[in-house]
Number of protein chains: 2
Amino acid sequence: MIHSLSELVEKAKHKPKQKIAVAAAEDEPVLKSLKAAINDGIVTPVLVGNKAEIEKIAQTIDFNLNEIEIIHNDKGADISAQLAVSMIKNGGADVLMKGFVSTGALLKAVLDKENGLRKGNTLSHMAFFESPYYHKLLGVTDVAMNIAPDLDTKVHIINNAVEACHKIGITTPKIAVIAAVETVNPKMEATVHAAELKKMQWQDCIVDGPFAIDIAVDKEAAIHKGIVSEVAGDCDVILAPDIEAGNMFYKALNFLGGANSAAVIMGATVPIVLTSRSDSETSKMLSIALAAAMD
Amino acid sequence: MIHSLSELVEKAKHKPKQKIAVAAAEDEPVLKSLKAAINDGIVTPVLVGNKAEIEKIAQTIDFNLNEIEIIHNDKGADISAQLAVSMIKNGGADVLMKGFVSTGALLKAVLDKENGLRKGNTLSHMAFFESPYYHKLLGVTDVAMNIAPDLDTKVHIINNAVEACHKIGITTPKIAVIAAVETVNPKMEATVHAAELKKMQWQDCIVDGPFAIDIAVDKEAAIHKGIVSEVAGDCDVILAPDIEAGNMFYKALNFLGGANSAAVIMGATVPIVLTSRSDSETSKMLSIALAAAMD
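Computed from a prediction, not measured in an experiment: that's the story for all the values here.

*Asks:* How do you make sense of the interface of chain B and chain A when you look at a structure like this?
*Replies:* Each side of the interface is counted separately: chain B has 41 residues, and chain A has 41 residues. Of the roughly 3,300 Å² buried where chain B meets chain A, counting both sides, 74% is carbon and sulfur surface. On the chain B side of the interface with chain A, the three residues burying the most area are B:Tyr133, B:Met248 and B:Leu256, jointly 24% of the side's total. At the junction of chain B with chain A, the criterion picks out two salt bridges. Between B:Asp214 and A:Lys251 there is a salt bridge; the shortest N-O distance is 3.6 Å. Counting the contacts that link chain B with chain A gives one residue pair in polar contact (both at pLDDT 80 or more).

*Asks:* Help me understand the environment of B:Asn50, please; the structure alone is not making it clear to me.
*Replies:* Residue and element names in this part refer to chain B. Along the polypeptide, Asn50 turns up in the loop between strand S2 (43-49) and helix H3 (51-60). Asn50 gets classed as buried once you look at its relative accessible area, which sits at 16%. Placed 20 residues apart in sequence, Asn50 and Ile70 show a C-alpha to C-alpha distance of 8.9 Å. Among residues more than four places away in sequence, those in contact with Asn50 are Glu26, His72, Asn73 and Asp74. Among the polar contacts listed, one links the side chain of Asn50 to the backbone nitrogen of Ala52, at a separation of 3.2 Å.

*Asks:* Can you help me understand the environment of B:Ser287 in this one?
*Replies:* All names here are of chain B. Relative to the assigned elements, Ser287 resides in helix H11 (residues 281-293). As for Ser287 and Lys174, which are separated by 113 residues in sequence, their C-alpha atoms are 22 Å apart. Setting aside residues up to four positions removed in sequence, Ser287 forms contacts with Ala262, Ala263, Val264, Val273 and Thr275. In this structure the side chain of Ser287 is engaged in a polar contact, spanning 2.9 Å, whose partner is the backbone nitrogen of Ala263.

*Asks:* Before we go on, may I ask you to explain the side chain of A:Asp208 in this structure?
*Replies:* Residue and element names in this part refer to chain A. Mapped onto the elements, Asp208 comes out in strand S8 (residues 206-211). Polar side-chain contacts of Asp208 include one of 3.0 Å to the side chain of Lys198. With sequence-adjacent residues up to four places away left out, Asp208 is seen in contact with Ile175, Ala176, Val177, Lys198, Ser229 and Val231.

*Asks:* Got a minute to help me understand the relation of the copies chain B and chain A in this structure?
*Replies:* Superposing the two chain copies requires a rotation about an axis and a translation along that axis. Mapping chain B onto chain A leaves a residual RMSD of 0.0 Å; the transformation is a rotation of 180 degrees accompanied by 0.0 Å of translation along its axis. Expressed as an axis order, the relation between the two copies is that of a two-fold axis.

*Asks:* Looking at this structure, how should I read the nonpolar core?
*Replies:* In a soluble, globular protein the nonpolar side chains are often hidden away together inside. The biggest cluster of nonpolar side chains holds 61 residues, and the ones touching the most others in it are A:Ile238 and B:Ile238. Those residues in contact with A:Ile238 that lie beyond four places of it in its chain are A:Leu138, A:Gly139, A:Val140, A:Thr141, A:Ala176, A:Ile178, A:Ile213, A:Ala216, A:Val217, A:Phe249 and B:Met248.

*Asks:* Before we go on, may I ask you to explain the packing of helix H1 (residues 5-13) of chain B against H11(B) in this structure?
*Replies:* Angle between the axes and distance between the axes: these two values describe a pair of packed helices. All names here are of chain B. Their axes nearest at 8 Å, the elements H1 and H11 cross at an angle of 55 degrees. By the criterion of interaxial angle, the relationship of H1 to H11 is oblique. Seen from above, H1 lies across H11 with left-handed handedness. From H1, Leu5, Leu8, Val9, Lys11 and Ala12 reach across to H11, where they touch Leu286, Ala289, Leu290, Ala292 and Ala293. Considered class by class, the residues forming the contact of H1 with H11 number nine nonpolar, no polar and one charged.

*Asks:* Looking at this model, I keep getting lost on the environment of A:Val46. Mind explaining?
*Replies:* Residues and elements named next belong to chain A. Along the chain, Val46 turns up in strand S2 (residues 43-49). Each C-alpha atom, one on Val46 and one on Val110, is 17 Å from the other, the two residues being 64 residues apart in sequence. Non-local contacts of Val46, meaning those with residues more than four positions away in its chain, are made with Lys19, Ile20, Ala21, Val22, Glu69, Ile71 and Met87.

Definitions and limits used
Residues numbered from 1 in each chain as written. Chains lettered and ligands numbered in written order. Predicted model: local features only at pLDDT ≥ 70, side-chain atom pairs only at ≥ 80, totals over all residues. Heavy atoms only, no water. Contact = heavy atoms within 4.5 Å. Buried area = accessible area lost by both parts, 1.4 Å probe. Salt bridge = Lys/Arg side-chain N within 4 Å of Asp/Glu carboxyl O. Polar contact = N/O pair within 3.5 Å; in protein donor to acceptor, adjacent residues only side chain to side chain. Helix = DSSP H or I, 4+ residues; strand = E, 2+ residues; numbered from the N terminus. Buried < 20%, exposed > 50% of the residue type's maximum accessible area, 1.4 Å probe, protein only. Least-squares fit on C-alpha atoms with pLDDT ≥ 70 in both. Core = buried A, V, L, I, M, F, W, Y, C linked by side-chain atoms within 4.5 Å. Axes fitted to C-alpha atoms, helices over the stretch in contact; angles between N-to-C directions. Parallel < 35°, antiparallel > 145°, perpendicular 65-115°, else oblique. Left-handed = near helix turned anticlockwise from the far one by under 90°. Nonpolar A, V, L, I, M, F, W, Y, C, P; charged D, E, K, R; others polar.

Shape is all these values report; function is a separate question.
What follows is the structure, given as structure tokens:
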């Protein structure tokens, strides 16, 4: 059982250093988080982007670029994204990180049928929380990529989540499919999806629902409501019904829950670190650690 | 500015005691929470229901029924709901509380066109949180009644929320209309609704959005993203896009956020206390206090 995100940092430290290709590295918050991750001995970066701009920012944040590989490109961030992606495709790096490039341009490079990093059918956002109010790491998906996933897409999102769990050492993750209630109601699609997902054959994971959050994370609440399930009160992953619900939950824990989080995009051939401006410094560093800890 | 739910308890204590009519009072958790509220001097109850069963439960929880008004009915909980409602309609009580009766039966009595407590077009759930991570009371609506409210229903929900705020002394509530992003995207109905709601003429409140939760509750996050709004980072009420998103947020704060909450149903002629089995004892008592504090 993994209790904290610092365990992931330790895991990343004690394995061969992962190479992280940064697309358009000329970005201060990204370079700051990389500096912290390098100091912790977690990753070896390859900075793809405008060398002069990277050096300028590095100087202002006191980031020593000696011994740091830089692949210079001054033809724009989209090209930097393509260069970083093709470097990974050729085995030159293990993790992709978004720098000063739009998410759209980065994902376009990742999803390119010939030169990209496609694997399955769905990319999804996978976050792991360390909360003072939960007894172990709590995974949450998808709070940022898929707007209103249909049943099929939810299957892919679960598969991505299970892969992420396995890669960090959670062997048989318990997935709670979330809705507002525990009974199936045709007027509430989330409950219908949950019942369908529960019925499917799953390997190396346990899927149950529909559960409201109390049932997923609190054993007593489950007992009160007479729900018997090994997922109830002990889930490893929360599957949100859609992006609004997932996003509200994710930000409730981050901004009103005293929790720390790390997140990656799953579903490509390598984990992708895609931090947002509103993420804290700590959260950005932890996201790099999460990607680097993956086997 | 109201900082804590205990201020509502104090407010309820220092005004003429509100009479609370309990529909089907033969319910142990409900009688327990009433006992606490009576001890705090918050309400005067009128227990409607099966007298023998009420007395039996009262004995096991050491609840002294001397001086407590009981209206006996042994013809079932639905009739108790109707009796409690008509008592309020005749001015005999100020607040309605759900006991051992289904929510459906209670609301049927409330919504009855001739004998009910109808006022506007929409009943909605209104919760107030005291969170260690926010600087004042945080309202959240609607996490339990309206499944997928359309634009018109969202207007009613906001009106109910504003009324609730006014009744407890928040004079010009700031309402944050929540989505997963801050830009309007036709594929995300929540953002379209938010833009429409923002454009409308509002009285005695400020409505802004679409905001993700970070923007609504964290001023720095808003500055980072370049959003200028007096609602950003200082909202009084979170308007959730739908029941799943609202419910996940509500339960994140209650079960993973170290917060306390109180809630009532708004939109009828009186506030309705409708606690759920998974609510804590404290939360049930605070919900009674919230209703009793309303002017």
